[in-house]
Amino acid sequence: MNKKDNFIQDVNNGYQTKGDSIILGGAILDGEAIAEAHVKIPLKTLNRHGLIAGATGTGKTKTIQVFSEQLSNAGIPVLMMDIKGDFSGIAKEGKEEGFITERHTKINLPYNTASFPVELMTLSQQNGVRLRATISEFGPVLFSRILDLNDTQAGVISVIFKYCDDNKMPLLDLKDIKKVINYITEEGKEKITEHYGKISTATTGTILRKIIELEQQGADLFFGELSFEIEDLMRIDENGKGYVNIIRLTDIQDKPKLFSTFMLSLLAEIYQQMPEKGDADQPELVIFIDEAHLIFNEASKALLEQIETIVKLIRSKGVGVYFVTQNPMDVPSGVLAQLGLKIQHALRAFTANDRQAIKKTADNYPTSDYYKTDELLTSLGIGEALVTALNEKGVPTPLVATMMRAPMSRMDILSADEIESINSKSKLVKKYSEETDRESAYEILNKKIEEANQASVEAAEEQTSEKQSKSEPSTASVVGKSVLKVVTSATFIRGVFGVLTKIFKK
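Bear in mind the structure is a predicted one, so any value in this text is a computation, not a measurement. (Residues numbered from 1 in each chain as written. Predicted model: local features only at pLDDT ≥ 70, side-chain atom pairs only at ≥ 80, totals over all residues. Heavy atoms only, no water.)

## Some thoughts on the overall build of the protein
Thought 1: Helix and strand content of the protein: 19 helices and 12 strands.
Thought 2: For the protein, with 506 residues in total, the buried portion stands at 50%.
Thought 3: Summarising the internal contacts of the protein: among those between residues at least 6 apart in sequence, 78% fall at separations of at least 24.
Thought 4: Accessible surface, the protein: about 24500 Å² in total, of which carbon and sulfur atoms supply 49%. (Helix = DSSP H or I, 4+ residues; strand = E, 2+ residues; numbered from the N terminus. Buried < 20%, exposed > 50% of the residue type's maximum accessible area, 1.4 Å probe, protein only. Contact = heavy atoms within 4.5 Å. Areas by Shrake-Rupley, 256 points an atom, 1.4 Å probe, with all protein chains shown as cover.)

Structure below.
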């Protein structure tokens, strides 16, 4: 066989599946699309996580769109964290263009336009389904790691959570935990010291400053009720398509702390609530995290360890996590090692550091008899990518340069009117639109402080009254004392003796 026949055979053998799969596109050899070789990813392995990387403008967003469409068609819900705001077009049917028809002819795949069920979500005050979580749901360990606290400070957070649990004071939002911190260092200091040990005001001051830093990035909008229920991410529409849940994050690009806080809390909540699935035929949910470097660049060592741990464990719940970034080196090696599917779009080599990064990137992929990986990384066209995955036995597939299929939905954003139309029909928008502020630690402690202050005022008034009653004698007492004073005075006595002398002389 010649080189092309060998290549077709190797690709088809490497990407052969017995169960259901999705087709990303057609293989490329020596710059030519090979119609007889398709790159297929088994649904069974999509919970093994993945990476979608490439320079700006190389087609990452369209790849995520294609991926999400295929998942939705298979009845698998998707959660997309959309930092740039250019993913919403998946809600509307696409338009067949000449270049799309030509591309699909080359890779021997039919092209149809389609739209997909979408929910638009937000962490801020944008229109959409409001996502919130309570402080209590985070728990002391996760909350401490988000704040990047040391062991001593984390111990104080644990005491705060224990104190609130013991006294039935819910920690719902940031004002709750700030109030508790102020209380245990002021009005409630003696009680806390008696039952939980002495707490340094320097430590609580540091914790308070960290919370304020988080608050300044908009976390006060995220923490609170009504908490988002994970089940609402798992919906299927009446046509059997999985919902594509798009979290619009365009207004928090400069707030990495809030982004990483939300992402970690979401993954932790999914892991805690979802049952074990083992090796299922397809995932329950697939999550795409766009601009993943925003998480890792700002994350502390403890936070990175937490992310790595959750990524390792969450796949057993039937959840796949896909990191989207410009350079694979943005993802820590501990996380990168957990990623089974890698879709690598073109990289640009403008500097010596860029060339070194490309060589390192090439080393992360399987060796190939058909490509010089480091050279190919800089010559891939728009909508082309290097792909390697895991087959159904968990074995890495051959590295294949792939011409990606085109999205079936609109390759542009929604208009403001279209966004409003989607939100107005959404059941979830109605469900989560109202903020609730039930009685929690803030209100309970304020009431306790007010009652203590009132009791102090009443006690002070009573003491003042008692002092006054002791220092101000009665009228009878005053008259009696006055008469006694007159009777016992020397002048009075001399007068009496003078009168008696006159009487006796007579």
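## Regarding the nonpolar core
Thought 1: Formed by 81 residues in total, the largest nonpolar core has its most connected members in Met-81, Phe-143, Ile-160, Ile-177 and Phe-323.
Thought 2: The element contributing the most residues to this core is helix H9 (residues 256-273), with nine residues.
Thought 3: In contact with Ile-177, other than residues within four places in its own chain, are Ile-135, Phe-143, Ile-157, Ile-160, Phe-161, Leu-171 and Ile-211.
Thought 4: The next biggest cluster of nonpolar side chains, apart from the first, holds 63 residues, and it includes Ile-34, Leu-347, Ile-419 and Ile-422. (Core = buried A, V, L, I, M, F, W, Y, C linked by side-chain atoms within 4.5 Å.)

## Side note on the packing of helix H5 (residues 151-166) against helix H6 (residues 174-185)
Thought 1: In contact at an axis separation of 11 Å, H5 and H6 are set at 95° when each is read in the N-to-C sense. The angle between H5 and H6 falls in the class roughly perpendicular. Along its contact with H5, which presents Ile-157, Ile-160, Phe-161, Tyr-163 and Cys-164, the element H6 presents Ile-177, Val-180, Ile-181, Tyr-183 and Ile-184.
Thought 2: Split by residue class, the contact of H5 with H6 holds 10 nonpolar, no polar and no charged. (Axes fitted to C-alpha atoms, helices over the stretch in contact; angles between N-to-C directions. Parallel < 35°, antiparallel > 145°, perpendicular 65-115°, else oblique. Nonpolar A, V, L, I, M, F, W, Y, C, P; charged D, E, K, R; others polar.)

## What about the side chain of Asp-237?
Thought 1: Relative to the elements of secondary structure, Asp-237 occurs in the loop between helix H8 (201-222) and strand S7 (244-248).
Thought 2: The side chain of Asp-237 sits in the buried core without any salt bridge; Lys-241 is the nearest counter-charge, 6.2 Å away.
Thought 3: From its side chain, Asp-237 meets the backbone nitrogen of Asn-239 in a polar contact 2.9 Å long.
Thought 4: A distance of 2.8 Å separates a polar atom in the side chain of Asp-237 from the backbone nitrogen of Lys-241.
Thought 5: The contact partners of Asp-237, leaving out residues within four places of it in the chain, are Pro-117 and Tyr-243. (Lys, Arg positive; Asp, Glu negative; His and termini not counted. Salt bridge = Lys/Arg side-chain N within 4 Å of Asp/Glu carboxyl O. Polar contact = N/O pair within 3.5 Å; in protein donor to acceptor, adjacent residues only side chain to side chain.)

## Description of the sheet that holds strand S2 (residues 32-42)
Thought 1: Reading across the sheet, the 12 strands line up as S2-S1-S12-S11-S10-S3-S9-S8-S4-S7-S5-S6 and stay open at both edges, with mixed pairing between neighbours. Since the sheet does not close on itself, it has two edges, and those belong to S2 and strand S6 (129-130), each with one partner.
Thought 2: In the sheet, strand S5 (residues 118-122) pairs with S6 via two bridges, with the strands oriented parallel. Counterpart to Thr-122 in the pairing with S6 is Arg-130. (Pairing = 2+ DSSP bridges.)

## Concerning the pattern of salt bridges
Thought 1: With the rule as written, the count across this model stands at 15 salt bridges.
Thought 2: We note a salt bridge from Asp-290 to Lys-84, for which the minimum N-O separation is 2.9 Å. Of this pair, Asp-290 sits in the loop between strand S8 (285-289) and helix H10 (293-298) while Lys-84 sits in the loop between strand S4 (78-82) and helix H3 (98-106); the two residues are 206 residues apart in sequence, bridging distant segments of the chain.
Thought 3: Beyond isolated ion pairs, a larger network of salt bridges with shared partners links Lys-84, Asp-290 and Glu-291.

## A short note on the packing of helix H4 (residues 135-146) against H9
Thought 1: Closest axis-to-axis distance for the H4/H9 pair is 11 Å, and the angle between their directions is 140°. Considered as vectors, H4 and H9 are oriented oblique to each other. In this structure, H4 crosses over H9, and the sense of that crossing is right-handed. From H4, Glu-137, Phe-138, Leu-142 and Ile-146 reach across to H9, where they touch Lys-257, Thr-261, Leu-264, Ser-265, Ala-268 and Glu-269.
Thought 2: Of the residues that constitute the contact of H4 with H9, the class distribution is five nonpolar, two polar and three charged. (Left-handed = near helix turned anticlockwise from the far one by under 90°.)

## Section: the pairing of strand S9 (residues 319-325)
Thought 1: Among the seven residues of S9, seven are classified as buried, and the element is accordingly described as predominantly covered.
Thought 2: On S9, burial covers both faces: Val-319, Val-321, Phe-323 and Thr-325 on one face and Gly-320, Tyr-322 and Val-324 on the other are all buried.
Thought 3: Alignment of strand S3 (residues 50-53) against S9, held across four bridges, turns out to be parallel. Each residue of the ladder has a partner; that of Gly-50, found in S9, is Tyr-322.
Thought 4: Taken together, the five bridges between S8 and S9 define a ladder with parallel strand orientation.

## With respect to the environment of Leu-341
Thought 1: Mapped onto the fold, Leu-341 is located in strand S10 (residues 341-344).
Thought 2: Exposure remark for Leu-341: the relative accessible area of 3% places this residue in the buried category.
Thought 3: It is 4.1 Å that separates the C-alpha atoms of Leu-341 and Ala-389, two residues lying 48 residues apart in sequence.
Thought 4: Each residue touching Leu-341, except ones within four places of it in the same chain, is listed here: Ile-41, His-49, Gly-50, Leu-51, Phe-67, Tyr-322, Val-387, Thr-388 and Ala-389.

## Describing the confidence of the model for the protein
Thought 1: When the pLDDT values of the protein are averaged, the result is 86; 89% of them are 70 or greater.
Thought 2: The element-level mean pLDDT for the protein is lowest in helix H18 (residues 475-487), coming to 49, with strand S12 (residues 400-404) highest at 97. (pLDDT = per-residue confidence, 0-100.)

## Notes on the pairing of S2
Thought 1: Taken together, the seven bridges between strand S1 (residues 21-29) and S2 define a ladder with antiparallel strand orientation. Across the sheet, the residue bridging to Ser-21 is Pro-42, located in S2.

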